[in-house]
Amino acid sequence: MSKIQTLMRCAMAVATAVVLTACGEQGPQLTWQPVSLQDANLEMKFPCDPQFARTPVDFGMEMGSVPVNMMGCDAVDSTFALSHWLLEDGKQADDALAFWEAAVLSRLQAVDGKDDKSGAPFVPQGAMDLPRSIRATVQGIGPAGWTVTTHGVWFARKEGDKARIFHAVVYAPKPAHEAAGTFFKSIALK
């Protein structure tokens, strides 16, 4: 075997090792930073610096549009967001969660992920224990026509006779169970 052939075999072996090592990596690490929402008495961690917005949304509950506060940002190839609004009649909190879930999930096909059974209860400490307080992982087609995996949670907190309705979500091109788990577990109601 010539020196060139030996050198080529060594180069191929090194290149193969580099490719296999790269395939085994989990991808870029996210740097989580605490974010506090004073108007919602909530703290959580985002892997990016979130932007804030407010927009009216009609959930179809015969109450017209309600002002929804939103914050979100993009990290790596995923979008992380949290939305919340105040429901005047706290007794309708479970119905409000159901309407919001339907608005998000109605266009998607449910897909259960590892440890993320769609419809599994999600009740952070301090939240109302409601049947529609859930965590779901669904997959569907995004606005650009690409497949998108959506990890979402819906929950509510009583505020006097009212209820604050929350939705946190991670949109990703493929399942992001670990990042979504970190995002949702960081939610702390004050």
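Up top you'll find the structure we're talking about.
About the criteria used
Residues numbered from 1 in each chain as written. Predicted model: local features only at pLDDT ≥ 70, side-chain atom pairs only at ≥ 80, totals over all residues. Heavy atoms only, no water. Core = buried A, V, L, I, M, F, W, Y, C linked by side-chain atoms within 4.5 Å. Buried < 20%, exposed > 50% of the residue type's maximum accessible area, 1.4 Å probe, protein only. Helix = DSSP H or I, 4+ residues; strand = E, 2+ residues; numbered from the N terminus. Contact = heavy atoms within 4.5 Å. Salt bridge = Lys/Arg side-chain N within 4 Å of Asp/Glu carboxyl O. Polar contact = N/O pair within 3.5 Å; in protein donor to acceptor, adjacent residues only side chain to side chain. Disulfide = S-S within 2.5 Å. Phe/Tyr/Trp six-rings, centres within 6.5 Å; stacked < 30°, edge-to-face > 60°.

Asker: Requested: an account of the nonpolar core, with residues and values cited.
Answerer: Grouped together as the largest cluster of nonpolar side chains are 27 residues, with contacts concentrated most on Leu42, Phe46, Leu82, Phe155, Phe183, Phe184 and Ile187. For this core, the elements supplying multiple residues, two or more each, are strand E1 (33–37), strand E2 (42–46), strand E4 (65–75), strand E5 (78–87), strand E9 (147–159), strand E10 (162–172) and helix H3 (177–185). Contacts of leucine 82, omitting those with residues within four sequence positions, involve Leu37, Leu42, Met44, Phe46, Asn69, Met70, Met71, Phe166, His167 and Ala168. The next biggest cluster of nonpolar side chains, apart from the first, holds 19 residues, and it includes Phe59, Met61, Ala93 and Ile165.

Asker: Tell me about the pattern of salt bridges, and please be specific about residues and values.
Answerer: A side chain with one charge may pair with a side chain of the opposite charge, provided their charged atoms come close. Overall, the coordinates contain five salt bridges when judged by the stated rule. Residues lysine 190 and glutamate 43 are paired through a salt bridge, measuring 3.7 Å at the closest nitrogen-oxygen approach. Here lysine 190, found in the segment after strand E11 (188–189), pairs with glutamate 43, found in strand E2; they are 147 residues apart in sequence, far enough to count as distant. For lysine 190, a relative accessible area of 47% gives the class partly exposed. For arginine 132, the salt bridge goes to glutamate 101, with nearest N and O atoms at 2.3 Å. Here arginine 132 is found in the loop between strand E7 (120–121) and strand E8 (134–141), whereas its partner glutamate 101 is found in helix H2 (residues 93–105), with 31 residues between them in sequence. Arginine 132 sits in the partly exposed class, given a relative accessible area of 32%. One salt-bridge network, held together by shared partners, links Arg157, Glu159 and Arg164.

Asker: Could you give an account of the environment of serine 186, with specific residues and numbers?
Answerer: Mapped onto the secondary structure, serine 186 falls in the loop between H3 and E11. We classify serine 186 as buried; its relative accessible area is 17%. A C-alpha to C-alpha distance of 4.9 Å links serine 186 and methionine 44, two positions 142 residues apart in sequence. Aside from chain neighbours lying at most four places away, what touches serine 186 is Glu43, Met44 and Lys45. At 2.7 Å, the side chain of serine 186 and the backbone oxygen of phenylalanine 183 are in polar contact.

Asker: Which residues make up the state of the cysteines, and what are the values?
Answerer: In the structure shown here, the tally under the stated rule is one disulfide. Residue pairing for cysteine 48: its cysteine sulfur links by disulfide to cysteine 73, the two sulfurs lying 1.8 Å apart. In this structure the cystine formed by cysteine 48 and cysteine 73 twists about its S-S bond by roughly 70°; its chirality is therefore right-handed. Taken together, the residues cysteine 48 in the loop between E2 and strand E3 (51–58) and cysteine 73 in strand E4 connect sequence positions 25 residues apart. Residue classification places cysteine 48 among the buried positions, given a relative accessible area of 9%.

Asker: Report on the packing of aromatic side chains, specifying residues and quantitative values.
Answerer: With the rule as written, the count across this model stands at nine aromatic pairs. An angle of 80° between the planes, with centres 5.0 Å apart, marks the rings of phenylalanine 46 and phenylalanine 183 as edge-to-face. Of this pair, phenylalanine 46 sits in strand E2 while phenylalanine 183 sits in helix H3, and the two are 137 residues apart along the sequence. For the residue pair phenylalanine 46 and phenylalanine 183, the accessibility class agrees, reading buried in each case. Note on phenylalanine 155 and phenylalanine 166: the rings are 4.8 Å apart at their centroids and 10° apart in plane angle, and the pair reads as stacked.

Asker: Would you mind going over H3 in detail, with residue names and values included?
Answerer: Listing the buried residues of H3 in full gives Ala179, Ala180, Gly181, Phe183 and Phe184. Along its buried surface, H3 packs onto E2, E5, E8, E9 and E10.

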